[in-house]
Amino acid sequence: VKRIKCVPSSKKKTLSSKTYNLLIGCCILYGLLLNYIIVLNFSNFFSSVNPYLFLICALSIGFLGVYIVNKYDKPAMSFLGYTLIVIPIGAELAMVLPGYAQEDLQIAIILTFFVVAIMTLLATVYPSFFSGLGKVLFFSHLACLLGEFIALLAGYRTSAYNWIFVIIYSLY
């Protein structure tokens with residue numbers, strides 16, 4: 001079983017790949033839940049904020065989160081940094097999503113939750129398979145972006161590309 005360092009090297013503690021994948025999946029589910037709560041409760045607030053002020057605050061909080069994640073080795077600090085990255089994303093979603101049909105949003109939320117939960121379970125049970133997907137997913141995504149760009153230049157817009165992106169991001 002592959003081991004992954006999760007604290008400073010002076011303590012030499014490691015997590016198994018299965019535990020690591022489970023924790024990552026739980027963090028993603030936490031981020032989705034936090035975004036859901038923000039969208040549900042703060043749409044009116046974020047829609048009323050000056051767009052320039054919103055942009056400055058969102059970028060500042062997001063960059064602070066990235067800084068904290070990269071600066072500190074303690075899991076609690078990394079989790080705080082992750083939360084600071086998730087909050088501006090939720091705020092942006094809170095401004096945009098009210099324009100979409102409620103039924104479509106509910107379907108997207110349910111599907112996203114189940115895809116993340118299933119992928120977390122699979123990554124926990126089969127960690128070696130999922131550790132080798134990074135390059136494949138990167139080049140698949142690159143090919144889809146190029147294909148979508150060419151299709152747009154040619155005047156085509158199909159939902160097939162949307163489904164391909166969904167599948168790739170689900171694997172990622």
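Further up the page is the structure itself.
Now for a description of the structure that goes with this document. Model, not experiment: these values are computed from the prediction.

### Section: the nonpolar core
Thought 1: Counting residues in hydrophobic clusters, the biggest one holds 9 residues: Leu34, Ile38, Val39, Phe46, Phe54, Ala58, Val86, Ala91 and Ala94.
Thought 2: For this core, the secondary structure elements donating two or more residues are helix 1 (17-48), helix 2 (51-71) and helix 3 (75-96).
Thought 3: At 4 residues, the largest contribution of residues to this core is made by helix 1.
Thought 4: With near-sequence residues (within four places) excluded, Val39 lies in contact with Gly90, Leu93, Ala94 and Leu97.
Thought 5: One finds Met119, Ala123, Phe130 and Leu133 within the second-largest nonpolar core, a separate group that totals 5 residues.

### As for a nonpolar patch on the surface
Thought 1: Residues Ile110, Phe113, Phe114, Ile118, Leu121, Leu122, Val125, Tyr126 and Phe129 make up a contiguous nonpolar surface patch of about 890 Å² in total accessible area.
Thought 2: Broken down by element, the residue count for the nonpolar patch peaks at 7 residues, all from helix 4 (residues 102-125).
Thought 3: Looking at where Ile118 falls in the secondary structure, it is placed in helix 4.
Thought 4: Judged by relative accessible area, Ile118 falls into the partly exposed class, the value being 46%.

### Focus on the packing of aromatic side chains
Thought 1: By the definition in use, this model includes 6 aromatic pairs.
Thought 2: Ring centres of Phe45 and Phe46 lie 5.1 Å apart, and the angle between their planes is 70°; on these two criteria the pair is classed as edge-to-face.
Thought 3: In this structure Phe46 comes out as buried when scored by relative accessible area, which is 16%.

### A short note on the packing of helix 1 against helix 3
Thought 1: In contact at an axis separation of 7 Å, helix 1 and helix 3 are set at 45° when each is read in the N-to-C sense. Of the possible angle classes, the one that applies to helix 1 and helix 3 is oblique. As helix 1 packs across helix 3, the resulting crossing turns out to be right-handed. In this structure, helix 1 contributes Cys27, Ile28, Tyr30, Gly31, Leu34, Asn35, Ile38, Val39, Phe42, Ser43, Phe46 and Ser47 to the contact, and helix 3 contributes Phe79, Tyr82, Thr83, Val86, Ile87, Ile89, Gly90, Ala91, Leu93, Ala94 and Met95.
Thought 2: A class-by-class count of the residues in the contact of helix 1 with helix 3 yields 17 nonpolar, 6 polar and no charged.

### Points about the environment of Ser17
Thought 1: Structurally, the position occupied by Ser17 is in helix 1.
Thought 2: It is 7.5 Å that separates the C-alpha atoms of Ser17 and Thr124, two residues lying 107 residues apart in sequence.

### A word on helix 2
Thought 1: The terminal C-alpha atoms of helix 2, which comprises 21 residues, lie 30 Å apart, in line with the 30 Å expected from a rise of 1.5 Å per residue.
Thought 2: When we look at burial in helix 2, the residues that qualify are Phe54, Ala58, Gly62, Gly65 and Ile68. Looking straight down helix 2, one finds its buried side chains confined to an arc of 120°; they lie on one side. Opposite the buried face of helix 2, by more than 90 degrees, sit the exposed residues Tyr52, Ile56, Phe63 and Asn70.
Thought 3: Between the side-chain oxygen of the N-cap and the backbone nitrogen of Tyr52 there are 2.7 Å, and the N-cap of helix 2 in question is Asn50.

Thresholds, definitions, all that
The residue count restarts for each chain, going from 1 along the sequence in the order it is written. Per-residue local features of the predicted model are confined to residues with pLDDT of at least 70, and side-chain atom pairs are confined, for both listing and counting, to 80 or more; whole-chain, interface and lining totals are unaffected and use all residues. Only heavy atoms go into the side-chain values, all of them from the structure, while hydrogens and water stay out. The definition of a nonpolar core used throughout is a set of buried Ala, Val, Leu, Ile, Met, Phe, Trp, Tyr and Cys residues joined through side-chain atoms within 4.5 Å. Relative accessibility thresholds used throughout: buried, under 20% of the residue-type maximum; exposed, over 50%; partly exposed, between the two (1.4 Å probe, protein chains only). Think of it this way: any DSSP run of H or I at least four residues long counts as a helix, any run of E at least two long counts as a strand, and we number them from the N terminus. Note on contacts: a residue pair qualifies if any of its non-hydrogen atoms lie within 4.5 Å across the two residues. Nonpolar side chains (Val, Leu, Ile, Met, Phe, Trp, Tyr) are joined into patches within 5 Å and like charges within 9 Å, using only residues with over 30% relative accessible area and no salt bridge. Only the protein chains shown count as cover for residues, and all accessible areas are computed by the Shrake-Rupley method using a 1.4 Å probe. Whenever Lys or Arg places a side-chain nitrogen within 4 Å of a carboxyl oxygen from Asp or Glu, that contact is recorded as a salt bridge. Two rings from Phe, Tyr or Trp (for Trp, the six-membered ring) form a pair when their centres are within 6.5 Å of each other. A pair whose planes differ by under 30 degrees is stacked, one over 60 is edge-to-face, and the rest are tilted. Each axis is a line fitted through C-alpha atoms, and for a helix only the stretch in contact is used; angles between axes span 0 to 180 degrees, taken between their N-to-C directions. Any angle that is under 35 degrees is reported as roughly parallel, and any over 145 degrees as roughly antiparallel; angles of 65 to 115 degrees are reported as roughly perpendicular and all others as oblique. In this scheme, a crossing is called left-handed if the near helix is turned counterclockwise away from the far one by less than a right angle; it is called right-handed if the turn is clockwise. All residues other than Ala, Val, Leu, Ile, Met, Phe, Trp, Tyr, Cys, Pro, Asp, Glu, Lys and Arg, Gly among them, are scored as polar; the first ten of these are nonpolar and the last four charged. Given a helix with a known number of residues, its expected span is that number minus one, times 1.5 Å. Starting at the helix axis, one direction is taken to each C-beta atom, and the arc is that of these directions. The definition of a polar contact used here is a pair of N or O atoms within 3.5 Å, where within protein one atom must be able to donate a hydrogen and the other to accept one, and adjacent residues in sequence count solely through side-chain atom pairs.

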